[in-house]
Amino acid sequence: MKRHFLGFCLAAVLLIGVFCPLARAETPDFPAQALVLMEASTGQVLYEKSAHVQRPCASITKVMTLLLVFEAIDAGTLHLDDVLTASAHAAGMGGSDIWLKEGEQMTVDDLIKACVVMSANDAAVVLAEAVAGSEDAFVERMNARAAELGMNDTVFKNCNGLDEDGHITSAYDVAVMSRALMQHEKIFDYTLIWIDYVRDGQTQLVNTNKLVRTYDGILGLKTGTTSAAGSCISAAAERNGMRLIAVVLGAENTKDRFSAASSLLDYGFANWKLTTPELPELPELPVTGGMVSAVSLACEAPSGVLTASGDAEIGIKLILPENVPAPVEPGDVLGTAEVALNGDTVQSLKITAKTEAPAITFSSALQYFLACFFAAEAA
């Protein structure tokens, strides 16, 4: 009887293991007040805890500051080799800084480096003043950009994250602005620095993000700590073509924030993958009433499809008419390619004309007839 009972228990355990895989059944409870794990290319949230609870985020605020700085660089209104001068306001910042003196000059490149690596509050203010004329004007731009990105939980009161009443965001909003910053690939030239120098080697910068040295596939990003915010981090990493963003707000200490961030990333990489489907060969599309009988086609490239690890059926279906009437111009939309995941459409791609098909007119027909006639005569 005892053997039968033990055998029954073993069978029950095996069945539970089959139908409730540990990797997907439960997610661990990470040590922090608010967390989000987001896949960067799709913006899909893979894990969340108190994702929209408003709270301070300390120097992670600088993610938005850096986003506006890189957008100014892209627009040509700011350049990496520009030399900026520290104002009295910038020099008066407290907290983490590089001890800028009023009137001291530094390049945009070095100021970004100090802002990213050392989390320098004074450097952030110098950059903000260069972009918008004053920190107050820059903060207005920060809030406007946050609204554009759909960061509905966020109100910025300064550009560096020092504790201030009403300066709030959420783990979800941090992930959103981190995703936007990551579209500027140049940022990784700074976030992956471990040790560097400014002031001709006189001032050493050591990265506050210890994951830069320890986590496989890390892309860096931003840390922050204040008494009100606790220990915070937005950490990005890439493996097998998939980029993840792990946001940790309100950890009790730096050890917990790094542990939570790395565990979140591990969870994402273990349970999700990004697959880019391959387009099928495109046919030529017949044309009616045209000077040519068919046009060649082109299609938008599909983006990666996010799936849980394991079997997933991804396919592409071409939706095209039997023929199209002339005239047809290159770029005309003629159909769609639908990317489906397990039968559900997840992407719809435009199929366009690659070549032209002028309509037949009396003059074009006459020209064609004469060209054929003289070609036959010459033969």
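Provided above is the structure to which this section pertains.
Quick notes on the rules
Residues numbered from 1 in each chain as written. Predicted model: local features only at pLDDT ≥ 70, side-chain atom pairs only at ≥ 80, totals over all residues. Heavy atoms only, no water. Helix = DSSP H or I, 4+ residues; strand = E, 2+ residues; numbered from the N terminus. Buried < 20%, exposed > 50% of the residue type's maximum accessible area, 1.4 Å probe, protein only. Contact = heavy atoms within 4.5 Å. Areas by Shrake-Rupley, 256 points an atom, 1.4 Å probe, with all protein chains shown as cover. Pairing = 2+ DSSP bridges. Axes fitted to C-alpha atoms, helices over the stretch in contact; angles between N-to-C directions. Lys, Arg positive; Asp, Glu negative; His and termini not counted. Salt bridge = Lys/Arg side-chain N within 4 Å of Asp/Glu carboxyl O. Polar contact = N/O pair within 3.5 Å; in protein donor to acceptor, adjacent residues only side chain to side chain. Expected span 1.5 Å × (residues − 1). Arc of directions from axis to C-beta. Phe/Tyr/Trp six-rings, centres within 6.5 Å; stacked < 30°, edge-to-face > 60°.

Asker: What is the right way to read the overall build of the protein chain from this model?
Answerer: Each helix and strand counted, the protein chain has 12 helices and 18 strands in total. When each of the 379 residues of the protein chain is scored for burial, the buried share is 46%. Considering only contacts within the protein chain whose residues lie at least 6 apart along the sequence, 64% involve residues at least 24 apart. Element-wise, carbon and sulfur atoms account for 54% of the exposed surface of the protein chain, whose accessible area totals about 18,900 Å².

Asker: Teacher, can you tell me more about the sheet that holds strand 13 (residues 297-299) here?
Answerer: The strands making up a sheet associate through backbone hydrogen bonding, with each pair oriented either parallel or antiparallel. The sheet built from four strands is open, its strands ordered 13-18-17-15 with antiparallel pairing. The sheet is open, and its two edges are formed by strand 13 and strand 15 (314-319), each paired on a single side. For this sheet the average axis-to-axis angle between neighbouring strands, irrespective of direction, equals 25°. For strand 17 (residues 333-341) and strand 18 (residues 344-353), the ladder comprises eight bridges, and the chain directions are antiparallel. In the sheet register, V339 faces strand 18, and the bridge partner there is Q347.

Asker: Is there a simple way to explain the side chain of D97 in this structure?
Answerer: Relative to the elements of secondary structure, D97 occurs in the loop between helix 4 (88-91) and strand 4 (105-107). Although D97 lies buried, it forms no salt bridge, and the closest oppositely charged side chain, R199, sits 7.9 Å away as judged by the N-O distance. A polar side-chain atom of D97 sits 3.1 Å from a polar atom in the side chain of W99. Setting aside chain neighbours within four positions, we find D97 in contact with M118, A120, N121 and D122.

Asker: Can you help me understand helix 7 (residues 135-148) in this one?
Answerer: Working note: α-helix, 3.6 residues per turn, so residues spaced by three or four point in the same direction. Compared with an ideal rise of 1.5 Å per residue, which puts 14 residues at 20 Å, helix 7 spans 20 Å between its outermost C-alpha atoms and is within 8% of the ideal. Among all positions in helix 7, only E135, F138, V139, M142, R145 and A146 are buried. The buried residues of helix 7 occupy an angular sector of 120° when projected down its axis, which confines them to one face. Opposite the buried face of helix 7, by more than 90 degrees, sit the exposed residues D136, E140, A147 and E148. The inward-facing, buried residues of helix 7 abut helix 3 (62-75), helix 4 and helix 6 (121-132).

Asker: So what exactly am I meant to see when it comes to the pattern of salt bridges here?
Answerer: Following the criterion strictly, the structure yields 10 salt bridges and no others. Linking R239 and D216 is a salt bridge whose minimum nitrogen-to-oxygen distance equals 3.7 Å. Of the two residues, R239 sits in strand 8 (residues 230-239) while D216 sits in the loop between helix 10 (211-214) and strand 7 (218-226), which places them 23 residues apart along the sequence. For R239, a relative accessible area of 24% puts it in the partly exposed group. In this structure, the salt-bridge partner of R239 is D266, at a minimum N-O distance of 3.8 Å. Of this pair, R239 sits in strand 8 while D266 sits in helix 11 (residues 254-271), placing them 27 residues apart in sequence. Note on D266: relative accessible area 37%, which makes it partly exposed.

Asker: I would appreciate a short explanation of the sheet that holds strand 16 (residues 324-325) in the present structure.
Answerer: As summarised here, the arrangement of the three strands in space is 12-11-16, forming an open sheet in which the pairing is mixed. Each edge of the open sheet is held by one strand with a lone partner, namely strand 12 (294-295) and strand 16. Relative to strand 16, strand 11 (residues 285-288) is paired through two bridges, and the arrangement is parallel. The partner of T288 across the bridge, within strand 16, is P325.

Asker: In this structure, what is going on with the pairing of strand 9 (residues 242-251)? I would like to understand it.
Answerer: Side-chain direction in a regular strand flips from residue to residue, so the side chains alternate between the two faces of the sheet. Strand 9 sits mainly inside the fold: 10 of its 10 residues count as buried. Across six bridges, the pairing between strand 1 (residues 34-39) and strand 9 is antiparallel. Within strand 9, the position partnered with A34 by the bridge is L249. Of the pairings in the sheet, the one linking strand 8 to strand 9 comprises eight bridges and is antiparallel in character. Bridged to R239 within strand 9 is M242.

Asker: What is the right way to read the packing of aromatic side chains from this model?
Answerer: Each pair of aromatic rings is reported with the distance of its centres and the angle of its planes. By the definition in use, this model includes two aromatic pairs. Plain terms: the ring middles of Y47 and Y267 are 6.3 Å apart, the flat faces sit at 70° to each other, and that makes the pair edge-to-face. You can see Y47 sitting in strand 2 (residues 45-49) and its partner Y267 sitting in helix 11, a full 220 residues away along the chain. Neither residue differs from the other here; Y47 and Y267 are each classed as buried.

Asker: Can you help me understand the pairing of strand 10 (residues 272-275) in this one?
Answerer: By the alternation rule, side chains of strand 10 split into W272 and L274, which are all buried, and K273 and T275, of which none is buried. Inspection of the sheet shows strand 10 paired to strand 14 (residues 305-308) by four bridges, in the antiparallel sense. Paired with T275 across the strands is V305, a residue of strand 14.

Asker: Any chance you could explain the environment of D153 here in plain terms?
Answerer: Relative to the assigned elements, D153 resides in the loop between helix 7 and helix 8 (171-182). Each C-alpha atom of the pair D153 and A171 lies 9.2 Å from the other, and the pair is 18 residues apart in sequence.

Asker: In this structure, what is going on with the side chain of E129? I would like to understand it.
Answerer: One can find E129 in helix 6. Buried and unpaired, E129 has no salt bridge, with R141 as the nearest side chain of opposite charge at 13 Å. Here the side chain of E129 touches S87 through a polar contact of 2.8 Å, side chain to side chain. Apart from the residues lying within four places of it in its own chain, the contact partners of E129 are S87, H89, A90, S134 and E135.

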